[in-house]
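A structural walkthrough
Read off the chains here:
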2 protein chains.
Amino acid sequence: MNNDKTINIGLMGLGVVGSGVLRIIHEKARVLALETDRNLRVKKILVREKAKVRDISVDAALLTNDPDEILDDPTISIVIELIGGVEPAYAYAKRAILAGKHLVTGNKDVMAVHGPELLRLANEKSVDVYFEASVGGGIPLIGSFRSDLVANEIREIYAIINGTTNYILTRMSREGAALTEVLPDAQRLGFAEADPTKDVEGIDAAYKLAILTSLAFRTEVDPADIPRTGIMQLEPADFRYAQDLGYVIKLLALARQENAAPQQSARYEASVYPALVPQTAPLASVDGVYNAVYVVGDLVGNVMFYGRGAGSEPTASAIVADVIDVAHNIISQVTNRIPYTIDSAKTMKPMDEVETRFYFRLWVADRPGVLAKIASICGTHRISIASVIQKEADPEEQTAEIVITTHDAYERAMQAALQDIAALDVVARVAGFLRIVDLGEPVRV
Amino acid sequence: MNNDKTINIGLMGLGVVGSGVLRIIHEKARVLALETDRNLRVKKILVREKAKVRDISVDAALLTNDPDEILDDPTISIVIELIGGVEPAYAYAKRAILAGKHLVTGNKDVMAVHGPELLRLANEKSVDVYFEASVGGGIPLIGSFRSDLVANEIREIYAIINGTTNYILTRMSREGAALTEVLPDAQRLGFAEADPTKDVEGIDAAYKLAILTSLAFRTEVDPADIPRTGIMQLEPADFRYAQDLGYVIKLLALARQENAAPQQSARYEASVYPALVPQTAPLASVDGVYNAVYVVGDLVGNVMFYGRGAGSEPTASAIVADVIDVAHNIISQVTNRIPYTIDSAKTMKPMDEVETRFYFRLWVADRPGVLAKIASICGTHRISIASVIQKEADPEEQTAEIVITTHDAYERAMQAALQDIAALDVVARVAGFLRIVDLGEPVRV
């Protein structure tokens, strides 16, 4: 093939995903050429250590540890950024765009924090930024929100977008195990990192939710503004009670938009927390390292996207698809074909004002009148109780376990009530606290 | 807005979906203008009867029953075809393309039978053909296959893509009802047509499968070549046995591609039949009028797309998204950005050569030695039995019911064995015959 038919790519990062991308671009050269009528050529690869032993065989001449060899090379038209983390990835991404290069990234941190800025910059510099791989591995989410669902007012998003926590919760649910028993397995199997904070505290999910919500609601969501609760406080008892009540526990990243009156700015909520989800909901059966995003649009109704949310090949599937799309744009001499649009200012609703159902589990003194006191506090805070389970008692300690679920109540009211309940002398411990997300039964039969 | 900012649309068909499209284009003018920076204007609407009373209020001056008023109007740049059926829709679609108009269609018949021809013609005439709405309503499928999954070798597709039959099967499964009891309800509720042949015989599903398989396997699939079995022969007993065996019954449209050796042409199977699907498979919980497409790609692994596969608003969601995409192309002055590619010749595998597991239900004489005779026939045809249930006997008739499942066997062998079994004098009736599709458990926990 002559040079006109070659598109030069600079690959930044040769870790799990980067290696997968490199391998696919080589192994699938025939199909990629069939799709694009071009030779996609990885010209340079930025690595930290050139001498490192790798799983993939790669021409040593391609490797560099100088980012300038990619960013200052005028023959490179596409930069694939797979470094991860905000810095130096963000700096490189910005320089690539300023240098007139198209950017394909799988970096959720950069896109969650700097996505809107990079997309605007790309528009100014007439280059494209693609980021399908930043959320949900190879599951088509970014493209779906930007194109396929674009006629919809997206009302609700419920996402299981962190495979690590979903693996842990699935095993806790099936085995009645404690988190401390399951986490080491997840680490050993490569499903959790040595420091699992970003996953188990919901930080990773919040970043991905910020990206999805920004697109779906046409607004800029700062991931730091998304209230988060992690999974560390979950105990086996919560899984047992959840099952008795007809629910499973899932770490949900969710966003909901209010119906705004005309001329008024709409408010939305976005948060990440472990929630009780009905066993009959499609999301309830999303187990293990699988991800799923359940979306409610005003036209399309309920749609769900399901698949592997991480891993070398699923993520590389999205990266290479984005590269092919950029190649189509290069051939057609078009950029920013789908404009990045922001609707009138929308504001995030403070968590305090969010209404939802609650589940809480208490260890109380095993004597008469306790439930009356708790119920009275709930009443004072205008919280209506939906169900009560009092099941286990510890005769030696003279304590009993009570589980209460509520009807819809304001977060502020629930938190205040919980504080009052915890202060009761008959309450030994608030052992569990979860929100209930009654995803509508989708089946009209 | 001045005329440069207006994109004129000709709408052909003002039925359920057409009315929805018209309403959305009017009601969502603000958002559509935000996305496209253009005024999308429906200039003419082709209807059969201009005087008909409609649910939607529409300017009578827009209505016409002369297709030329759309096809010969040089100011109309997008034709939305929602007439349905092959003729005259195909003739109009072709004329629109030849006249240099972009085509957005929800017509599965036209796209299944003439899609490849229209896509090639569109390429020659430098216009675009979009058809997301032709399969699965608003679920993003066409776009996903054409873009997001394009780096994958698609290995398997398992689709529930006919809402009518899925509604009927869901109710039969839940209520133990006969098809003849459920069908009238489906018709009354608008989920089935007065003549339900196309749905219950799997014709509709075969057309949609032809569209998906053509894209996924980069080949041309003639829907007439797809072997079909409908749902008419299913009896309540089959649902009971399926449940006992850990399965549900779903009308599957499925396609699988063989791993071809290099330089060899790959063979694929494509067929539509009611199948036993494991209760634990994600597809098993797709109930009622919902659709889902479960795809296995070499990179992405298992992905599933789920949602409402029909109805005015879900389908209009896809149509309007396609119109917006065409508008982006018009603005960027690009057409056929994603080329329509056909890979080297692939051939459909004759059904006879397909290997799968089978389920069959027999009414036999209730006397010793019957099972031995049946097992012997299976052995002769090299069919290995996986399980046998003999549950019910009719003392008066002196007959018993036997259900047998097999391990993987060739269709040809199974059909021959079944013929031999039916010919046994101890066999009163082959009452049920189904294939078993053991969709892999997707969860690695």
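Residues numbered from 1 in each chain as written. Chains lettered and ligands numbered in written order. Predicted model: local features only at pLDDT ≥ 70, side-chain atom pairs only at ≥ 80, totals over all residues. Heavy atoms only, no water.

Side note on the relation of the copies chain A and chain B
Copy one and copy two of the chain differ by a rotation about an axis and a translation along that axis. Superposition record for chain A on chain B: RMSD 0.0 Å, screw rotation 180 degrees, translation along axis 0.0 Å. A rotation of that kind, with that shift, is consistent with a two-fold axis. Measuring from the rotation axis to each C-alpha of chain A, the shortest distance belongs to A:Phe305, at 2.5 Å. (Least-squares fit on C-alpha atoms with pLDDT ≥ 70 in both.)

Remarks on the domain arrangement of chain A
What the domain assignment lists for chain A is domain 1 (3–138 + 312–332), domain 2 (142–308) and domain 3 (351–436). Here the C-alpha centre of domain 3 of chain A lies 52 Å away from the C-alpha centre of domain 1 of chain A. (Domains from an automatic or database assignment.)

Remarks on the environment of B:Asp199
Residue and element names in this part refer to chain B. Mapped onto the fold, Asp199 is located in helix H9 (residues 197–200). For the pair Asp199 and Asn162, spaced 37 residues apart in the sequence, the C-alpha separation amounts to 6.9 Å. Residues contacting Asp199, with those up to four places away along its chain left out, are Asn162, Thr164, Thr165, Asp204 and Leu251. (Helix = DSSP H or I, 4+ residues; strand = E, 2+ residues; numbered from the N terminus. Contact = heavy atoms within 4.5 Å.)

What to know about the pairing of strand S8 (residues 247–257) of chain B
Residue and element names in this part refer to chain B. Most of S8 sits out of view: 11 of its 11 residues are buried. The alternating pattern of S8 places Tyr247, Ile249, Leu251, Ala253, Ala255 and Gln257 on one face and Val248, Lys250, Leu252, Leu254 and Arg256 on the opposite face, and all of these are buried. In this structure, strand S7 (residues 154–160) lies alongside S8, joined through four bridges in antiparallel fashion. Residue pairing in the sheet places Ala159 in a bridge with Ala253 of S8. As judged from the 11 bridges shared by S8 and strand S9 (residues 267–278), these two strands associate in the antiparallel manner. (Buried < 20%, exposed > 50% of the residue type's maximum accessible area, 1.4 Å probe, protein only. Pairing = 2+ DSSP bridges.)

Re the interface of chain A and chain B
Often, the extent of an interface is quoted as the loss of accessible area upon association of its parts. Taken residue by residue, the interface counts 63 residues in chain A and 63 residues in chain B. Summed over both sides, the interface between chain A and chain B buries roughly 5,500 Å², with carbon and sulfur atoms accounting for 55% of that surface. Summed over the shared surface of chain A and chain B, the result is eight salt bridges. With a shortest N-O distance of 2.7 Å, A:Glu35 and B:Arg218 are connected by a salt bridge. For the pair chain A and chain B, the interface holds 21 residue pairs in polar contact (both at pLDDT 80 or more). Looking at the side of chain A that touches chain B, the elements with two or more residues in it are helix H2 (29–36), helix H6 (142–148), helix H7 (163–175), strand S11 (301–308) and helix H12 (312–332) of chain A. Top contributing element to the side of chain A that touches chain B by residue count: H12(A), with 10 residues. When the residues that make up the side of chain A that touches chain B are grouped by side-chain class, the tally is 30 nonpolar, 15 polar and 18 charged. (Buried area = accessible area lost by both parts, 1.4 Å probe. Salt bridge = Lys/Arg side-chain N within 4 Å of Asp/Glu carboxyl O. Polar contact = N/O pair within 3.5 Å; in protein donor to acceptor, adjacent residues only side chain to side chain. Nonpolar A, V, L, I, M, F, W, Y, C, P; charged D, E, K, R; others polar.)

Digging into the environment of A:Ala316
All names here are of chain A. Inspection of the secondary structure assignment puts Ala316 in helix H12. Sequence-wise, Ala316 and Gly106 are 210 residues apart; in three dimensions their C-alpha atoms are separated by 8.9 Å. Excluding residues within four positions of it along the chain, Ala316 makes contact with Val17, Gly20, Val21 and Ile24.

Section: the sheet that holds strand S2 (residues 39–46) of chain A
Residues and elements named next belong to chain A. Taken in spatial order, the six strands of this open sheet run S3-S2-S1-S4-S5-S6, and their pairing is parallel. The two strands at the open ends of the sheet, each matched to only one other strand, are strand S3 (63–64) and strand S6 (129–130). In this sheet, strand S5 (residues 102–105) lies alongside strand S4 (residues 76–81) in parallel orientation, the contact comprising four bridges. Bridge assignment links Ile80 to a residue of S5, and that residue is Val104. Sitting on the sheet, helix H1 (residues 16–27) is in contact with strand S1 (6–12), S2 and S4, with an inclination near 150 degrees to S2. Each of S1, S2, S4, S5 and S6 touches H12; the most contacted strand, S5, lies at about 165 degrees to it. (Axes fitted to C-alpha atoms, helices over the stretch in contact; angles between N-to-C directions.)

Looking at the pattern of salt bridges
Scanning the model with the defined rule gives 64 salt bridges over all chains in all. Close ionic contact of A:Arg171 with A:Asp185 constitutes a salt bridge, the shortest N to O distance being 2.6 Å. A residue pair is termed long-range when its members are at least 10 positions apart, and A:Arg171 in helix H7 and A:Asp185 in helix H8 (residues 179–188) qualify at 14 residues. Assessed through its relative accessible area of 12%, A:Arg171 is described here as buried. Residues B:Arg38 and B:Asp37 are paired through a salt bridge, measuring 3.8 Å at the closest nitrogen-oxygen approach. Under the relative-accessibility criterion, B:Arg38 is labelled buried at 17%. Within this structure, A:Glu235, A:Asp238, A:Arg361, A:Glu401 and A:Arg429 form a network of salt bridges that share partners.

Let's talk about the side chain of B:Arg361
Residues and elements named next belong to chain B. Relative to the assigned elements, Arg361 resides in strand S13 (residues 355–365). Assessed through its relative accessible area of 1%, Arg361 is described here as buried. A polar side-chain atom of Arg361 sits 3.0 Å from a polar atom in the side chain of Glu235. A distance of 2.7 Å separates a polar atom in the side chain of Arg361 from a polar atom in the side chain of Asp238. Arg361 has contacts with Glu235, Ala237, Asp238, Tyr241, Glu401, Ile402, Val403, Arg429, Val430, Ala431 and Gly432, leaving out every residue within four places of it along the chain.

Things to note about the sheet that holds strand S4 (residues 76–81) of chain B
Residue and element names in this part refer to chain B. Read from one edge to the other, the open sheet built from six strands follows the order S3-S2-S1-S4-S5-S6, with strand pairing classed as parallel. The sheet is open, and its two borders are formed by strand S3 (63–64) and strand S6 (129–130), each paired with just one other strand. As paired strands, strand S5 (residues 102–105) and S6 are joined by two bridges and run parallel to one another. When the sheet's bridge partners are listed, Leu103 is paired in S6 with Val129.

Focus on the packing of helix H7 (residues 163–175) of chain B against helix H8 (residues 179–188) of chain B
All names here are of chain B. Viewed as axis vectors pointing N to C, H7 and H8 meet at an angle of 130 degrees, and their least axial separation amounts to 9 Å. Classified by the angle their axes make, H7 and H8 are oblique. For the crossing formed where H7 meets H8, the hand is right-handed. Contacts from Tyr167, Ile168, Arg171 and Met172 of H7 reach H8 at Leu179, Val182, Leu183, Asp185 and Ala186. Its residues assigned to classes, the contact of H7 with H8 shows seven nonpolar, no polar and two charged. (Parallel < 35°, antiparallel > 145°, perpendicular 65-115°, else oblique. Left-handed = near helix turned anticlockwise from the far one by under 90°.)

Brief notes about the environment of A:Phe145
Residue and element names in this part refer to chain A. Its place among the elements puts Phe145 in helix H6. On the basis of relative accessible area, Phe145 is assigned to the buried category, the value being 6%. With 69 residues separating them in the primary sequence, Phe145 and Ser214 have C-alpha atoms 9.9 Å apart.

Topic: helix H10 (residues 203–217) of chain B
Residue and element names in this part refer to chain B. For H10, built from 15 residues, the straight-helix expectation of 21 Å at 1.5 Å per residue is met to within 8% by its first-to-last C-alpha distance of 20 Å. Within H10, 13 of the 15 residues are buried, which leaves the element mostly enclosed by the surrounding structure. Looking one or two places after H10, you find Arg218, whose phi comes out positive at around 55 degrees. (Expected span 1.5 Å × (residues − 1).)

Quick notes on the confidence of the model for chain A
Taken as a whole, chain A shows an average pLDDT of 94; of its residues, 97% reach a score of 70 or greater. Overall fold confidence for the complex sits at a pTM of 0.95, while the interface term, ipTM, reaches 0.94. (pLDDT = per-residue confidence, 0-100.)

Re unusual backbone geometry
For residues besides glycine, phi is generally negative; the peptide bonds are generally trans as well. Between A:Glu87 and the following residue, A:Pro88, the backbone shows a cis peptide bond with an omega angle of 5 degrees. Following the sequence through the fold, A:Pro88 ends up in the loop between S4 and helix H4 (89–98). The backbone of B:Gln398 shows a phi angle near 55 degrees, a positive value even though the residue is not glycine.

A closer look at the pairing of strand S11 (residues 301–308) of chain B
A regular strand places its side chains on the two faces of the sheet in alternate fashion. Burial of S11(B) is extensive: eight of the eight residues sit out of reach of the surface. In this sheet, S11(B) lies alongside S11(A) in antiparallel orientation, the contact comprising five bridges. Across the sheet, A:Tyr306 pairs through a bridge with B:Met304, a residue of S11(B). One ladder, built from eight bridges, connects strand S10 (residues 290–297) of chain B with S11(B); its direction is antiparallel. Its bridge partner lying in S11(B), B:Val293 is registered against B:Phe305. If you look at the hairpin formed by S10(B) and S11(B), you'll find three residues sitting between the two strands.

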